[in-house]
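What follows is the residue order along each chain.
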Amino acid sequence: MANAPKKDYYEILGVKKSASADDIRKAFRKLARKYHPDVNPGDKGAEEKFKTLSEANDVLSDPKKRKIYDQVGFYSDNIDPATAEAYARAGGGAPGGFPGGGPGAGGAQGVPFDFGGFDFSDLMDNARRSGSTSGGSGSSSFKDIFSGIFGGGRGSAVAEEGPEPGTDLEYQVNVPFWTAIRGGVMRLNISRHDVCANCHGQGFLEAPGKCPQCNGTGQITQTGGRMKFNVQCPRCHGTGKNITTCPVCHGEGTVLKTEPLEVRIKAGTRDGQRIRLPGKGNAGGRGGAAGDLYVIIRMEDHPIFRRDGDDIYLSVPVSVTEAALGAKIEVPTIDGRALLKIPPGTQSGQKLRLREKGVPSATKEGVRGDEIVEINVTVSMPRDERTKELLRELAKLNPEDPREELWKKV
């Protein structure tokens, strides 16, 4: 029986086996432009050529797929790297290493492979030597190689998938200024993947009896030429049970839900702080643990207060008289009113500190920040002639030039 046609991906792309990833990319782009269906409308030959080029590029441009192809001679999703390595050590390798097993022979559930006329003696001898070295039988080594390739046998690498942990979620929340300062509770609506109530997260529903396709064995037999091999049953995924895909979650095991959630904001919470809620992320698959939810705080601004860490900044206007003579004035704080002493001769832009009038620390118990008050000296407009005379008299009594230092630096 004639062998199935082999495909040499390197020859298809016109590159050497030692070609770099960049060489492969350039070769594919050049040929793809020539044979693209949009450039050759109605040309079935060009269309098939483009498909073959795409197939070759898909394998050779992926380092993992390319390594398996170089070791085994073709690529299949059913071949894991360990199997390919074992086959190469046992004497295989080079494109077309399996007769009839060219790159096009790969697939999700095993496209037939024709082994007619192939001499297995070298492979058997190498496998036996490998088995005796490792303390096992040569036949078992040989069996392991092929069971890994074709997915046959319950002891093969193809096993029932285990639990898969859920992913984490991040939500940014705009928190009012006073809620971040004093603490409170935020009510949110969170969209997350939750466990499907119909199948309880399994992704399938089980009915009485055996799988009708494999009759409960978990495997089906496929034939290629004179060879027969077993592959995992695509209907029951190797379980042998009579299962059907869940119509609610379509096999995912989770469904998207929006649910209300309360988030407690601690007093002193800062802008950009992350609050972790364990187990409130996306649900895991097949019984896996749920991920976490991270709430990122974005604190809203206040009309007069500005927060920096645990300190509060505030700009307060004072009159010329208060700045010159000194005074005690009331200023707003996050706790209400407080007295601030203005020293005589205070200048505009000068900063005065009110200790422990800032924000309570969210991480250090009993610690508070300060309030920093910036003085803004305001000059009022004279309303009558008497006020003007007093200001002139004041200027005569205080003839200092406020620009004297400026001129010294020019």
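Below you will find a few notes about this structure. These figures come from a predicted structure and were not determined experimentally. (Residues numbered from 1 in each chain as written. Predicted model: local features only at pLDDT ≥ 70, side-chain atom pairs only at ≥ 80, totals over all residues. Heavy atoms only, no water.)

Thoughts on helix H2 (residues 21–35)
Because the α-helix completes a turn every 3.6 residues, residues three or four places apart line up on one side.
Now for step 1: Between the first and last C-alpha of H2 there are 21 Å, a value that for 15 residues agrees with the 21 Å anticipated at 1.5 Å per step.
Now for step 2: Considered for burial, the residues of H2 that qualify are Ile 24, Ala 27, Phe 28, Leu 31 and Ala 32. All buried residues of H2 fall inside an arc of 130° around its axis, so they share one side. Pointing more than 90 degrees away from the buried face of H2 are the exposed residues Lys 30, Arg 33 and Lys 34.
Now for step 3: Where the residues of H2 are buried, they touch helix H1 (9–13), helix H3 (44–60) and helix H4 (63–72). (Helix = DSSP H or I, 4+ residues; strand = E, 2+ residues; numbered from the N terminus. Expected span 1.5 Å × (residues − 1). Buried < 20%, exposed > 50% of the residue type's maximum accessible area, 1.4 Å probe, protein only. Arc of directions from axis to C-beta. Contact = heavy atoms within 4.5 Å.)

A few points about the sheet that holds strand S8 (residues 274–277)
Now for step 1: Ordered by their spatial adjacency, three strands build an open sheet running S1-S9-S8, and the pairing between neighbours is mixed. Bordering the open sheet on either side are strand S1 (169–175) and S8, each of which pairs with just one other strand. Direction aside, neighbouring strands of the sheet carry axes that sit 25° apart on average.
Now for step 2: Two elements, S8 and strand S9 (residues 293–299), share four bridges in a ladder whose sense is antiparallel. Pairing of Ile 275 across the sheet is with Val 295, part of S9. (Pairing = 2+ DSSP bridges. Axes fitted to C-alpha atoms, helices over the stretch in contact; angles between N-to-C directions.)

Observations regarding the packing of aromatic side chains
Now for step 1: Enumeration over the complete set of coordinates arrives at five aromatic pairs.
Now for step 2: Seen in terms of ring centroids, Phe 177 and Phe 305 are 6.4 Å apart; in terms of plane orientation they differ by 5°. Their pairing is stacked. Of this pair, Phe 177 sits in helix H8 (residues 177–182) while Phe 305 sits in the loop between S9 and strand S10 (306–308), placing them 128 residues apart in sequence.
Now for step 3: Given a relative accessible area of 6%, Phe 305 falls into the buried group.
Now for step 4: Centroid distance Trp 178 to Phe 305: 6.2 Å. Interplanar angle 85°. Geometry classified as edge-to-face. Taken as a pair, Trp 178 in helix H8 and Phe 305 in the loop between S9 and S10 lie far apart in primary sequence, 127 residues in all.
Now for step 5: Among the aromatic residues, those joined into a cluster by ring pairs are Tyr 9, Tyr 10 and Tyr 69. (Phe/Tyr/Trp six-rings, centres within 6.5 Å; stacked < 30°, edge-to-face > 60°.)

A short note on a nonpolar patch on the surface
Now for step 1: A cluster of nonpolar side chains, namely Leu 406, Trp 407 and Val 410, defines an oily patch on the protein surface of about 400 Å² accessible area.
Now for step 2: On the secondary structure map, Leu 406 appears in helix H11 (residues 404–408). (Patch = residues over 30% accessible without salt bridge, like charges linked within 9 Å, V, L, I, M, F, W, Y side chains within 5 Å. Areas by Shrake-Rupley, 256 points an atom, 1.4 Å probe, with all protein chains shown as cover. Salt bridge = Lys/Arg side-chain N within 4 Å of Asp/Glu carboxyl O.)

Details of the environment of Gly 279
Now for step 1: Turning to its location among the elements, Gly 279 is positioned in the loop between S8 and S9.
Now for step 2: Once residues lying within four places of it in the same chain are set aside, the contact partners of Gly 279 are Arg 192, Ala 290, Gly 291 and Asp 292.

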